Amino acid sequence: MSATDRAFLGRRRAQERRNNELPIALSATSAMDVRRICFAIDHALEHGLDEPMAAAAAAVALMLISGRDLEELCCLRFFSGRLDDARDRSGHWLIHYGQGYALAMPAGASPTKAQPNAAASKLVLPPSDQVIFKLGERAARCLKVYIGSDWDRSGTPALWKEQRPVFSYSLGKLEELVDTFLRQAGTAYGISRRSRIVDPKRIERALETGLVNLKGSDRGMARLLTGGKQPARQAAAYYSGGTEPHITQEHERACTQASVDTFDDCVLDYFQSDVELSLGSRFIPTTAAVEGLRDKLIDEIRFCKPAREPRQVASVHNAMLTYSWMLWSLCVGGRRVKDPILHPRQIDPGTGFGLFRDKGYTPAATVALLKETTAFRDNLESYKLRLVWAPGIVQRQLQAYCDHIEALLTDPRLPERSQKSIKRWRDEDEHRLPFFRLDRHLQAKRLGAGQFEKMLAGDPWYWPLPMNALRHYLRAELCGRVSHEVVDALLGHWQIGAEPWWNGGALDPLLFKESLKAAFRAILPEGCGGWAVQSGLSNRLDIHDEK
């Protein structure tokens with residue numbers, strides 16, 4: 001092995017260690033760590049705390065349930081009012097909202113600042129930049145000891161009215177107090193006086209570790225709740241999102257599973273808002289918007305059959321093209337690329353698996369890492385490939401689109417120029433289906449990503465969202481239904497050291513398939529009022545038969 005390859009392997013292994021999210025990883029917060037932290041707080045509350053140690057105990061409890069570091073907690077301020085008012089304020093707040101106490105923290109930022117335009121905003125949930133979750137009992141007791149009589153807000157003390165900082169100490173002083181508190185707790189726990197009961201960094205990672213290893217949770221959601229300090233999760237965070245109640249429920253589930261804190265009532269009881277808000281991705285369309293576009297496409301295909309006029313032929317084809325793309329994108333999470341649909345002959349009819357390459361852009365850091373190996377080209381190509389699984393209805397729809405194109409080519413009304421262009425596009429790439437639209441004169445025009453988005457935004461679809469909006473929707477819908485390993489493997493969001501299909505990968509392809517099969521039954525409901533195979537201009541009937 002050359003010196004260059006040895007250096008590459010060393011850097012790769014270092015990256016693998018940083019990306020390791022298994023419960024047994026050296027950087028992970030174990031269940032023992034959590035028990036030690038809870039013991040330290042409960043022991044201190046039982047034996048009495050002076051003001052500095054009460055501040056330290058409160059800071060540790062808040063770190064445990066919010067996943068934020070001391071630098072963020074130093075920014076906390078008091079706020080009294082409605083939760084809806086707190087949502088409109090950026091920053092860090094300890095809220096008294098009439099029924100109890102809650103924390104409002106900035107959500108983990110998306111790697112992009114792109115926002116939907118005014119027309120697209122009508123198809124997505126209104127966004128929120130604040131994560132709001134209930135204050136746990138243990139943290140509330142510590143804060144009550146630290147703040148004293150003003151905690152109960154009788155007569156609305158000045159600290160609530162004037163929105164004063166929760167912690168009156170500087171960051172450096174608070175770090176010293178936390179260190180002292182953890183060392184004293186270590187002594188009570190039977191650890192050497194020189195040692196802390198647990199490292200503060202592990203306290204910060206407790207919520208993150210709990211969320212990552214929670215059944216059905218998502219790495220991107222962990223980034224949203226904990227402030228997004230892990231750069232390795234940027235791709236997942238860009239597409240991740242969900243409604244506030246759902247994300248808050250995931251937070252409560254993680255805390256309950258780890259025995260971090262106790263919650264007296266249901267999260268949804270206090271999580272009332274005038275409108276349903278979303279956290280994370282700004283481009284997750286609502287289910288009503290997705291189903292509305294689907295129904296428009298089905299009506300257009302069926303209304304214009306039989307296509308007696310060239311205008312009707314064009315309408316059926318354009319709707320058939322969009323419907324096939326939509327169904328394909330909803331099962332694989334299609335990206336914003338040219339020719340986005342895999343040819344059905346590239347999908348194994350027995351298993352439903354296919355290799356899909358739709359990643360044209362590779363991050364510069366990844367290219368630099370792979371470029372130093374002797375097998376740079378092979379590594380880069382395998383990085384862009386992902387294994388996808390297509391349900392039976394999707395396979396049948398892609399075959400129906402192929403038959404539709406063959407029927408279109410035999411239509412005598414199709415101009416010779418269009419016929420030659422379609423045949424050329426069909427034959428030049430055996431891996432992709434030809435992606436083109438027809439105008440009212442049946443002139444064929446090949447579509448790039450931007451041209452297709454322009455067509456969708458206009459009459460009659462009025463879908464002014466980017467092509468990969470369904471990729472955002474798919475990730476949000478899969479969260480809670482399958483493990484984050486399955487989601488990352490499907491969407492191609494794996495990290496170095498966690499590649500699902502390399503020689504040392506531990507993800508079972510059959511488990512991957514079965515997990516997705518169960519999830520797609522809910523995401524792509526078939527039957528009356530749901531998804532169904534559309535034949536377009538083709539008269540074949542066997543495409544509706546189950547494979």
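The preceding data block contains the structure.
All of the points below concern the structure found in this document. A quick note: this is a predicted structure, and the numbers were derived from the prediction, not measured.

Here the focus is the overall build of the protein. Scanning the protein from terminus to terminus reveals 24 helices and 10 strands. Counting the 547 residues in the protein, one finds 54% classified as buried. Across the protein, contacts joining residues at least 24 apart in sequence account for 74% of those joining residues at least 6 apart. Of the roughly 24600 Å² that the protein leaves accessible, carbon and sulfur atoms contribute 50%.

Taken in spatial order, the 4 strands make up an open sheet running β1-β2-β3-β4, and their pairing is mixed. This sheet does not close on itself; its edge strands, each paired only once, are β1 (77-80) and β4 (130-134). With strand direction ignored, the average angle separating the axes of adjacent strands in the sheet is 25 degrees. Relative to strand β3 (residues 101-106), strand β2 (residues 93-96) runs antiparallel, the two being bridged by 4 bridges. Paired with Leu94 across the strands is Leu103, a residue of β3.

Look at helix α22 (residues 469-478) against helix α23 (residues 484-491): their axes get within 10 Å of each other, and the N-to-C directions meet at 160 degrees. With respect to each other, α22 and α23 are oriented roughly antiparallel. For α22 against α23, the interelement crossing comes out right-handed. The residues of α23 that touch α22, namely those facing Arg471, Leu474, Arg475 and Leu478, are Val487, Asp488, Leu490 and Leu491. Split by residue class, the contact of α22 with α23 holds 5 nonpolar, no polar and 3 charged.

Attention now goes to the pairing of β3. Where burial is concerned, most of β3 is hidden: 5 out of the 6 residues are buried. In the sheet, β3 pairs with β4 via 5 bridges, with the strands oriented antiparallel. Bridge assignment links Leu103 to a residue of β4, and that residue is Phe133.

The next subject is unusual backbone geometry. Residues other than glycine predominantly adopt negative phi, and peptide bonds predominantly adopt the trans conformation. Going from Asp459 to Pro460, the amide bond is cis rather than trans, its omega being 5 degrees. Positionally, Pro460 belongs in the loop between α21 (449-457) and α22. The phi dihedral of Asp339 falls on the positive side, at around 50 degrees, and the residue is not glycine. Take Asp339: it is sitting in the loop between α16 (310-332) and β7 (353-357). The exposure class of Asp339 is buried, given its relative accessible area of 8%. Residue Leu442 is not a glycine yet carries a positive backbone phi of 65 degrees. You can see Leu442 is positioned in the loop between β9 (436-438) and β10 (444-446).

Thresholds applied
- Residues numbered from 1 in each chain as written.
- Predicted model: local features only at pLDDT ≥ 70, side-chain atom pairs only at ≥ 80, totals over all residues.
- Heavy atoms only, no water.
- Helix = DSSP H or I, 4+ residues; strand = E, 2+ residues; numbered from the N terminus.
- Buried < 20%, exposed > 50% of the residue type's maximum accessible area, 1.4 Å probe, protein only.
- Contact = heavy atoms within 4.5 Å.
- Areas by Shrake-Rupley, 256 points an atom, 1.4 Å probe, with all protein chains shown as cover.
- Pairing = 2+ DSSP bridges.
- Axes fitted to C-alpha atoms, helices over the stretch in contact; angles between N-to-C directions.
- Parallel < 35°, antiparallel > 145°, perpendicular 65-115°, else oblique.
- Left-handed = near helix turned anticlockwise from the far one by under 90°.
- Nonpolar A, V, L, I, M, F, W, Y, C, P; charged D, E, K, R; others polar.

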